[in-house]
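For reference, the chains in residue letters:
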Amino acid sequence: MNAEHRTTLVRPPARGTAGSATAVAYPNIALIKYWGKRDERLVLPVTDSLSMTLDIFPTTTRVRLDPGAEHDEVTLNGVPATGEAQRRVVAFLELVREQAGLPQRAVVDTGNTVPTGAGLASSASGFAALAVAAGAAYGLGLDATALSRLARRGSGSASRSVFGGFAIWHAGRDTGTATDADLSSYAEPVPAGELDPALVIAVVDAGPKAVSSREAMRRTVDTSPLYGPWAASSKEDLLGMRGALRRGDLDAMGEIAERNALGMHATMLAARPAVRYLSPATLTVLDSVLRLRRDGVPAYATMDAGPNVKVLCHRADADRVAAAVRGAAPGSSVHIAGPGQGARLLDERG
Ligand code: 2P0
């Protein structure tokens, strides 16, 4: 067990006792995308995916068991959570209670430093932090792999935010039982060669998306004629990405990431009805990335379930890339991220 794993196991309360725990987790950006589930309930993806965990925009979550309470109480940035956000957190806590064999409800307090629901991976950091905090508060004593599986049930991409640096999320095997499929789908760190990467994040629109990624994926899998071909090509992209990462070849990583993301957006544009997250500002930023490459700066774009653009480049070029992107989309906010740490417990003693 390495140091990273040990930090996720700081002071778990004894099994069966009411506890309290606080965890922090960071978003991740996929270079090989997760787009499409084969099992909605277990959150099992169709394809493997691979991401970089960021060192900015952390989510901090405290979970405190409340033996007297009849309901869970969920607060997001100081405001009581409602609707789908609240429902998903409560469903996740039900899962944790089932694993722990404990009935107690909890008070969950989450602070997000990233706009929620804007395609900036707030559900990845959110459910990774919740898995680590709730796992500790309910005394599950899980290792990092089991935490990754648990986080996956909250939001697929959260399985990857349990780990720092680069992580691969295995789609898992279907060998006939749901248990096998569940156990075989988790994330783990991927070794990387000599590399000093940055992701320049252009937030062209911080508003919540019109269609949730969950609904958009479902519609794409169900109706897009381009989905099957993209999923097949994503397998090759993953192999190429792993090799490029091992060699520390940022150009190859960027080329593969960009084509994988554009292909993912093509699948949704071909869905019926179409899902279009890309906006005019997105395309303007994409043009600026092409100009950077023409000027000899290795820079490659990726976009998620929203109009915002993340540009992979060398750390040494990040300021220049950020300036180009800012110039292309005035009014956007631009952030530079490096590889960040995995989810971990914070010591509540301060
Ligand atoms: C990803 N995205 O790999 C992809 C690329 C968006 C585009 O993971 O339904 O919020 O909760 O499992 O994890 C967004 O999907 O979806 C996502 P659910 P999630 O990062």
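Not measured: the values here are computed from a predicted model.

**A look at the sheet that holds strand E5 (residues 49–53)**
Pairing in this open sheet of 4 strands is antiparallel, and the strands run E2-E5-E10-E11 from one edge to the other. Edge positions in the open sheet fall to strand E2 (28–32) and strand E11 (187–189), since each of these has one partner strand only. The average undirected angle you get between the axes of adjacent strands in this sheet is 30°. Both E5 and strand E10 (residues 166–169) contribute to a ladder of 4 bridges, which runs antiparallel. By the bridge assignment, Leu50 is partnered in E10 with Ile168.

**Brief notes about the packing of aromatic side chains**
Under the counting rule described, the total for this entry stands at 3 aromatic pairs. With centroids separated by 6.0 Å and ring planes inclined at 45°, the aromatic side chains of Tyr227 and Trp230 adopt a geometry described as tilted. Of the two residues, Tyr227 and Trp230 are both situated in helix H8 (residues 227–247); the distance of 3 residues between them amounts to about one turn of the helix. With respect to class, Tyr227 is no different from Trp230; both count as buried.

**Comments concerning helix H2 (residues 83–100)**
Between its first and last C-alpha, H2 extends 26 Å over 18 residues, near the 26 Å set by a 1.5 Å rise per residue. If you check which residues of H2 are buried, you get Arg88, Val89, Phe92, Leu93, Leu95, Val96, Arg97 and Ala100. Just beyond H2, the residue with positive phi is Gly101, at close to 70°.

**Comments concerning the domain arrangement of the protein chain**
For the protein chain, the assigned domains read domain 1 (3–193) and domain 2 (197–337). Domain 1 and domain 2 are separated by 24 Å when their C-alpha centres are compared. Interface area, domain 1 with domain 2, both sides summed: about 3,400 Å², of which 69% is carbon and sulfur. The three residues of domain 1 that bury the most area against domain 2 are Leu31, Lys33 and Trp35, which together make up 26% of that side's buried surface.

Thresholds, definitions, all that
- Residues numbered from 1 in each chain as written.
- Predicted model: local features only at pLDDT ≥ 70, side-chain atom pairs only at ≥ 80, totals over all residues.
- Heavy atoms only, no water.
- Pairing = 2+ DSSP bridges.
- Helix = DSSP H or I, 4+ residues; strand = E, 2+ residues; numbered from the N terminus.
- Axes fitted to C-alpha atoms, helices over the stretch in contact; angles between N-to-C directions.
- Phe/Tyr/Trp six-rings, centres within 6.5 Å; stacked < 30°, edge-to-face > 60°.
- Buried < 20%, exposed > 50% of the residue type's maximum accessible area, 1.4 Å probe, protein only.
- Expected span 1.5 Å × (residues − 1).
- Domains from an automatic or database assignment.
- Buried area = accessible area lost by both parts, 1.4 Å probe.

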